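# Structure assessment
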Amino acid sequence: MDQYEVVRADAHDPLPRILHEGAVARGEIDTIAALKRRRVLIGLLVLAALAVTFLISRLMTPLYEAETGIMFNPRELSWVGATTQAGALPPSEEMVRKNEVAIVRSRVLAQSIVDSLNLDQLPEFNPSLRPPSPLRKAAQEGLGVLDHALDPVRAVLPPGMVPKLPSLASPDLPPDRLRDEIITRFLKRVEIGGGDASRMIGIRFLSEDPQRAASIANSIADRFIAQKRDQDVEAAETLAGNLKGEIDDLNREIRDSERRLEEQRIALGLDSDSNIKALADRMAELNRQLIGLTAERLRAESQFAEAGTARASQPGSALDSAAQVLNSPLIQRLQEALAFAGARVGQLSLRYSDSHPAMIAARSELRDLRARLAEETNKIQNGRRNAVAIAKANEDGLRQQVEQLKAQMTRANQSEVELRVMERNVEAKRTLLPQLETRRNNAIAQIDYLRLHGPETQVISRAVVPNAPSSPPTLAMMATAFVVAAGAGVILAVLLERADGSVQSLSQIRRVTPVRIIGTLPVIRGRRWRRRPPAERVLERDDPLFLDHLRAIAVRAGLAGPTPAKVVLFTSSVSDEGKSSAATSLARMLALSGRRTVLVDADLRAPTVHRVLGLSRGPGLAEYVVEGRDLDAVVQPDTVSGADVITAGQSREAASDILQSPRMRELIDDLTRYYDTVVIDTPPVLAVVDTHILARLADRTLMMVRWRSTPVSTFMAALQQLSDDRVPVDGIVLSQVDGRRYKLYGYTDSDLFSPGFRKYHSRFAPSP
């Protein structure tokens, strides 16, 4: 579709306006309404699907289903757990069930069933024995005939030009491939049922013969139980033999380990725990002595460090501090004498000068006391330093003895640890031995139980001969076909509705253009062989709905009232939209109502008015314009309605030249003086430019749009051409509307054809 501009309609501008392409919707799609409209299509699809499905089900080979139920007891899990490897967890019931299902579906079991029942001699399983289907046989014969017919062609053409046609016969398979194919077909007929949490397994088999289905299902169960018993017995015997070998090996290892343990004890001299205990007591004693020496050393170091710190921190009173720190009686006496001498010097200094002999003697005595105190202090400090060194030497010697004893104990402990490890290994092997013997006894007991009673799996229900085939499921297939066909029909119906690009409703026309809509024309109902043109139905008045809609168009087009429009022109986008029928019907209705009406067929290229009214084509409009005929010579009366008609006539001149001649304008002027209404039928807009010429001579230009036939793009293209040539369009008429279907579509204006309005449409309603 072309792109259209958005142009607002102006009350003073009668030109047709069109909106943007985005505003051109495809109508209002209601799913329910679409299904109602396409119900016939949906019904045909459903019926066709059901018929095809039923035919396919009849062509399929019927299969009978038989089921055998088996169950395994929980006690079987205890047997299995007793024979598992040491430390391994027993399998769950779900795992046991899966294992059994795998055995049932194994090719080994299938091969044994096929061999025991001679199923390879049946065409059901052996493809080489199965005859070809009728369709395949017919196709093979047809290819043979065609290949034989090509022999003369091969004789003429070079060799190899026309190859031999391929054969549809089944190729002969090698024995191994044939056997695999038989087993594969057998396994395809085997089905396993039962829930994941259930101990019951249902073995179902499908066969073309009901007795064979039951027999094979029971054979599978019996062979499965027998095979499971043989496998369990074989596994238990293998396990018992392995356990016996493990027990013998373990006894031999225990004897060797005990011998090596005794030899190691003798080599290390650790026949008892007395040696290690004596070493421990000696270590405890040395640790106590070491603690005492360490405390003594720390005390000597503390005294020595305290005296040195005091002398370093108080140099001026070093002797006093040393005396206080060293705490010696001699030092204390010297300190007292020193204090007395210092006091005496202080007293003498008050009476004598420094050069006095008494002062000199007192000061000399004070210096001697200080020197002696310093000498005694140094002696004591040196003695303490020596004591620290001695204590440290004693401590180092004892610590070395402790380390030596500790190394000796470490070696003894390591040897003891190695011996303990060896003892634990021997003890572990002794503990494992009865466990292995218990497992071996369980395996032997299991062998005896399986040989006496068989496996715990048992048949709880044997298969019986089915009465009716289970495949093909005709009802299920037809139900599925119904659902699929109905769904496909619904989807197809909605897609068809959405793909329909035709004009569908008045509301859609209002969305795409602001040009005024003046009405609708319903379709003329009746049987096809009895259907008459709308112009004849106007005369008989047996379709009041059509007449009422036609009257509404006349009123809205301005053909009634104190100053009615004189000239009304009917056109359309393309042909077959009902413009000629609408123009003829309107002219007859106005004439029957007493108005002087003339109908002009201006469609000079494909005229239809003379055929509808049963008149001659000429002389008409062409003769009037080209040959200069008089008006009376070209006007033909419609005797049944009283309207006058000017047919198209015939001429070799171009239609556009005829219509745009001054003579044409004079004709319209004369007709407006003689008649109350002039109705003009013109060609389609998109076909020729005749409508563009005649629309300028008309008071009202009406465009016909056929419901659900004219594409929206075509209708918009016609409006675009008229808009480009500035040709006014005064109204749009939606023609050939099926009121019942229009109501089903569920449009916003569908009430226009509501059944409740029928009482207003009476065939005895008076004409305007």
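My aim in this report is to walk through the structure given alongside it, one point at a time. Computed from a predicted structure; not experimentally measured.

Looking now at the overall build of the protein. A count of helical and extended segments in the protein gives 26 helices and 12 strands. Within the span of the protein, comprising 768 residues, buried residues form 40% of the whole. Put simply, 79% of the contacts in the protein that link residues at least 6 apart link residues at least 24 apart. Of the roughly 41900 Å² that the protein leaves accessible, carbon and sulfur atoms contribute 54%.

Spanning 13 residues, helix H17 (residues 544-556) covers 18 Å between terminal C-alpha atoms, matching the ideal 18 Å at 1.5 Å per step. Taken together, the buried positions of H17 are occupied by Pro544, Phe546, Leu547, Asp548, His549, Leu550, Arg551, Ile553 and Ala554. Backbone geometry just downstream of H17 places Gly558 in the positive-phi region, at approximately 80 degrees.

Before going further, it helps to spend a moment on the packing of aromatic side chains. Counted under the stated rule, the structure contains three aromatic pairs. On the basis of an interplanar angle of 50 degrees and a centroid distance of 6.2 Å, the ring pair of Phe125 and Phe186 is categorised as tilted. Remark: Phe186 occurs in helix H8 (residues 175-188) and Phe125 occurs in the loop between helix H5 (107-117) and helix H6 (134-149); sequence separation between them is 61 residues. Look at Phe125 and you get buried, because its relative accessible area is 1%. Among the aromatic residues, those joined into a cluster by ring pairs are Phe125, Phe186 and Phe205. The aromatic ring of Tyr624 is capped on one face by Arg663, whose charged end is 4.0 Å from the ring centroid. Across from the ring centre of Trp707, 5.9 Å away, lies the NZ or CZ of Arg708, which sits over that ring.

Let's shift gears to the environment of Glu301. Mapped onto the elements of the fold, Glu301 is located in helix H10 (residues 274-313). Residue Glu301 is classed as partly exposed on the basis of its relative accessible area of 27%. Put simply, Glu301 and Lys392 are 91 residues apart on the chain and 9.5 Å apart in space, counted from C-alpha to C-alpha.

This next bit is on the environment of Leu243. Checked against the element boundaries, Leu243 lands in helix H9 (residues 210-268). Taking relative accessible area as the criterion, Leu243 reaches 1% and is therefore assigned buried. Between the C-alpha atom of Leu243 and that of Arg440, which follows or precedes it by 197 residues, the distance is 5.8 Å. Sequence-distant contacts of Leu243, defined by excluding residues within four places in its chain, comprise Leu436, Arg439 and Arg440.

Take the packing of helix H2 (residues 39-59) against helix H14 (residues 474-499) next. At a closest axis distance of 8 Å, the pairing of H2 and H14 adopts a crossing angle of 150 degrees. The angle between H2 and H14 places the two elements in the roughly antiparallel class. The two elements H2 and H14 cross, and the hand of that crossing is right-handed. Facing Leu41, Ile42, Leu45, Val46, Ala49, Leu50, Thr53, Phe54, Ile56, Ser57 and Arg58 of H2, the residues of H14 in contact are Thr474, Met477, Met478, Ala481, Phe482, Ala485, Ala486, Gly489, Val490, Leu492, Ala493 and Leu496.

In this section: helix H23 (residues 662-674). Compared with the 18 Å implied by 1.5 Å per residue over 13 residues, the 19 Å span of H23 between its first and last C-alpha is a close match. Turning to H23, its buried residues are Met664, Leu667, Ile668, Asp670 and Leu671. In an axial view of H23, the angular spread of the buried residues amounts to 165 degrees, which keeps them on one side of the axis. For H23, the exposed residues set more than 90 degrees away from the buried face come down to Pro662 and Arg673.

What counts as what
Numbering of residues starts from 1 in every chain and runs along the sequence as written. It should be noted that, the model being predicted, local features are given only for residues of pLDDT at least 70 and side-chain atom pairs only at 80 or more, the latter also being counted only at that level, while totals for whole chains, interfaces and linings use all residues. Side-chain metrics rest on all non-hydrogen atoms present in the structure, leaving aside hydrogens and water. Strands are runs of DSSP state E lasting at least 2 residues, helices are runs of H or I lasting at least 4, and numbering of each runs from the N terminus. Only protein chains enter the calculation, and the probe is 1.4 Å; a residue is then buried if its accessible area is under 20% of its type maximum, exposed if over 50%, and partly exposed in between. By definition in these notes, contact holds between two residues if any of their heavy atoms fall within 4.5 Å. Residue-level accessible areas treat just the shown protein chains as cover; the underlying method is Shrake-Rupley with a 1.4 Å probe. Expected span of a helix: the number of residues minus one, times 1.5 Å. Pairing of aromatic rings covers Phe, Tyr and Trp, the last through its six-membered ring, and needs centres within 6.5 Å; plane angles under 30 degrees mean stacked, over 60 mean edge-to-face, and all others mean tilted. Our definition puts a charge over a ring when NZ of Lys or CZ of Arg is within 6 Å of the ring centre and also within 35 degrees of the ring normal. Convention adopted: a line fitted to C-alpha atoms gives each axis, helices being fitted over their contacting stretch, and angles between N-to-C directions are expressed from 0 to 180 degrees. Angle categories are assigned with fixed cut-offs, so that under 35 degrees is roughly parallel, over 145 is roughly antiparallel, 65 to 115 is roughly perpendicular, and the rest are oblique. Handedness of a crossing follows from how the near helix is turned relative to the far one, being left-handed for an anticlockwise turn of less than a right angle and right-handed for a clockwise one. Read the arc as the range of directions from the helix axis to the C-beta atoms.

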